[in-house]
Amino acid sequence: MAEFDIIKKHFDFEQEYSQSVVKSIGDDCAILDIPKNKQLVTSTDTLVAGVHFFYDVSPADLAYKALAVNVSDLLAMGAKPLAYTLAISLPETDKQWLKAFSQSLQKASQHFAINLIGGDTTQGPLSITLNVMGLVKKGKALCRDASELGDDIWLTGALGSARSALKLHGKKLLSDDEQFLWQSLIRPNLPFKFAKKLPKFANSAIDLSDGLLADLGHIMVQSRLGAKLVVETLPIAEALIEVEGLEQARQFALAGGDDYQLCFTANKKYRKLIEKRANKTDTQVTRVGEIIEQGYEVLLNGEAYPITENSWQHFKSQ
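I will try to describe carefully the structure that is included in this document. (Residues numbered from 1 in each chain as written. Predicted model: local features only at pLDDT ≥ 70, side-chain atom pairs only at ≥ 80, totals over all residues. Heavy atoms only, no water.)

1. With respect to helix α3 (residues 95–111)
Test applied: Think of it this way: any DSSP run of H or I at least four residues long counts as a helix, any run of E at least two long counts as a strand, and we number them from the N terminus. In a helix, the anticipated span is given by 1.5 Å times the number of residues less one. Relative accessibility decides the category of a residue: with a 1.4 Å probe and only protein chains considered, values under 20% of the type maximum give buried, values over 50% give exposed, and everything between is partly exposed. Any pair of nitrogen or oxygen atoms within 3.5 Å is treated as a polar contact; in protein, a donor-acceptor pairing is required on top of that, and neighbouring residues in sequence qualify only through side-chain atoms on both sides.
Taking 1.5 Å per residue as the helical rise, α3 with its 17 residues ought to reach 24 Å, and the 24 Å between its terminal C-alpha atoms agrees with that figure. Taken together, the buried positions of α3 are W97, L98, F101, S102, S104, L105, A108 and S109. The distance from a side-chain oxygen at the start of α3 to the backbone nitrogen of Q96 is 3.1 Å, and the residue carrying that oxygen is D94. Following α3 by one or two positions, A113 has its phi on the positive side, about 50 degrees.

Structure (structure tokens):
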């Protein structure tokens, strides 16, 4: 199949999720209207086979996760998903692979109410680049430099499961607990409904892709403040504890990546509001520490807790 045949058959699907999309696929550029008193936020991410995902991952799971991890960036900014572009490099034209990938991508687009408005297809090693766009009220975007001294540190969901699942690749028979961990890796469950009201109570936020310690560290650096984490409060799935034991589970929760949950800071006065929002959207939220003046304190029962796992870093061998 030629490039434009691939686009027309697999990626030009019907979608009407936003009135801000004036023109999408079919022209040299897409056209977007930015509503009055709104700002456009955007993020770009590249997923490379063998680095960000296994070569043998199913195309349906790959499509879902590729979009989900990018929408996660929008949620962390307090933005409503608007549109995205997709640039995909394919080693060959595999009609069955493309069909499964595009059908899953369309379902994910509908789930997150975000329009595919263009992109590019080319031949080469399998890689996927998405540029996502969202809308946020002017001046209300959640930036990493806006945490305040004394803020609570909150987490959505449970951490560490995806890191443990990496060890399960290639294993043919999985226990129920292992299957739960595997699904956490290939189908991250974003706190989508909860995040819609995040700007009402959060001062800063970040999505957890590289691990809690690393990602919270970005907030600390940008805000020029410190953080204290209480290890015994970390949200950890029972399946992870069953498979890894409590000690290793805690290490994965602190440093493991690929969770795509939200870490956000908020004034203590919003505790009841946050819990109410969590209950309303059936979202697990946990208060795990606070923003302090300086330093990075990781404490278990009041004592310094040693970290044995390393968070994800690109080019770490260079």
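2. A word on the side chain of S104
The line we're drawing: The contact criterion used throughout is that any non-hydrogen atoms of two residues lie within 4.5 Å.
Here S104 lies in helix α3. There is a polar contact of 2.6 Å between the side chain of S104 and the backbone oxygen of A60. Not counting the four nearest positions on each side in its chain, S104 is found in contact with A60, A63, Y64 and R187.

3. Here's the deal with the packing of aromatic side chains
What counts is decided by this rule: Working definition: rings of Phe, Tyr and Trp (its six-membered ring) pair if their centres are within 6.5 Å, and the pair is stacked with planes under 30 degrees apart, edge-to-face with planes over 60 apart, and tilted otherwise. A ring has a charge above it when a Lys NZ or an Arg CZ is no more than 6 Å from the ring centre and no more than 35 degrees off the ring normal.
Enumeration according to the criterion identifies eight aromatic pairs in this entry. With 5.7 Å between their ring centres and 50 degrees between their planes, F194 and F201 make a pair best called tilted. With a centroid separation of 5.9 Å and 40 degrees between ring planes, the pair formed by F194 and F264 is classed as tilted. Residue F194 is located in helix α6 (residues 192–195), and its partner F264 is located in strand β10 (residues 262–266); the two are separated by 70 residues in the primary sequence. Here F194 matches F264 in class, with each residue buried. Three or more aromatic residues link up through ring pairs in this structure, and these residues are W154, F194, F201 and F264. A cation over an aromatic ring shows up here: R287 above the ring of W154, its NZ or CZ 5.9 Å from the ring centre.

4. Observations regarding the sheet that holds strand β3 (residues 38–48)
Formally: Pairing between strands is defined by DSSP: at least two bridges between the two strands are required. Axis definition: a line fitted to C-alpha atoms, over the contacting stretch in the case of helices. Angles run 0 to 180 degrees between N-to-C directions.
Taken together, the four strands give an open sheet; going across it, the order is β3-β6-β4-β5, and neighbouring strands pair in mixed fashion. For this open sheet the edge positions go to β3 and β5 (115–123), each flanked by a neighbour on one side alone. The sheet shows a mean angle of 15 degrees between the axes of neighbouring strands, direction not considered. Each of β3, β4 (80–90) and β6 (127–137) touches helix α2 (residues 59–76); the most contacted strand, β6, lies at about 35 degrees to it. The strands touched by α3 are β4, β5 and β6; relative to β4, the strand with the most contacts, the crossing angle is about 170 degrees.

5. Let's talk about the side chain of D215
How we decide: For the purpose of charge, His is not counted, nor are the chain termini; Lys and Arg are scored as positive and Asp and Glu as negative. Between Lys or Arg on one side and Asp or Glu on the other, a salt bridge is scored when a side-chain nitrogen of the former is within 4 Å of a carboxyl oxygen of the latter.
Looking at where D215 falls in the secondary structure, it is placed in helix α7 (residues 212–223). Buried within the structure, D215 lacks any salt-bridge partner; R144 is the closest side chain of opposite charge, at an N-O distance of 6.0 Å. A polar atom in the side chain of D215 sits 3.0 Å from the backbone nitrogen of S209. Those residues within four positions of D215 in sequence are excluded, and the remaining contacts are I206, D207, L208, S209 and D210.

6. So, a positive patch on the surface
Operational definition: Patch membership is restricted to residues that have no salt bridge and whose relative accessible area is over 30%. Joining uses 9 Å for like charges and 5 Å for the nonpolar side chains Val, Leu, Ile, Met, Phe, Trp and Tyr. To measure how exposed things are, a 1.4 Å probe is used in the Shrake-Rupley method; for residues, cover is taken only from the protein chains shown. For charged residues, the charge sits on one atom: NZ in Lys, CZ in Arg, CG in Asp, CD in Glu.
On the surface, a cluster of positive charge is made up of K38, K80, K137, K140, K193, K196, K197, K200, K276 and K280. Here K280 lies in helix α10 (residues 271–280). Assessed through its relative accessible area of 71%, K280 is described here as exposed.

7. Digging into the pairing of strand β8 (residues 202–207)
With respect to burial, β8 is a largely interior element, five of its six residues being buried. The pairing of β8 with β10 spans five bridges and is antiparallel. Residue pairing across strands places A205 opposite F264, the latter belonging to β10.

8. What about helix α9 (residues 246–255)?
Among the ten residues that make up α9, seven are buried, leaving the element largely enclosed by the rest of the structure. As for α9, its buried residues are in contact with α4 (161–165), α7, β9 (226–230), α8 (238–244) and β12 (296–300).

9. As for the sheet that holds β12
Read across the open sheet, the seven strands follow the order β8-β10-β7-β11-β9-β12-β13; overall the sheet is mixed. Both edges of this open sheet fall to β8 and β13 (303–304), since each of them pairs with a single strand only. Bridging between β9 and strand β11 (residues 285–292) involves four bridges; their strand directions are antiparallel. Note that in β11 the partner of K228 across the bridge is E290. Along the sheet, α2 makes contact with β8 and β10, crossing β8 at roughly 165 degrees.

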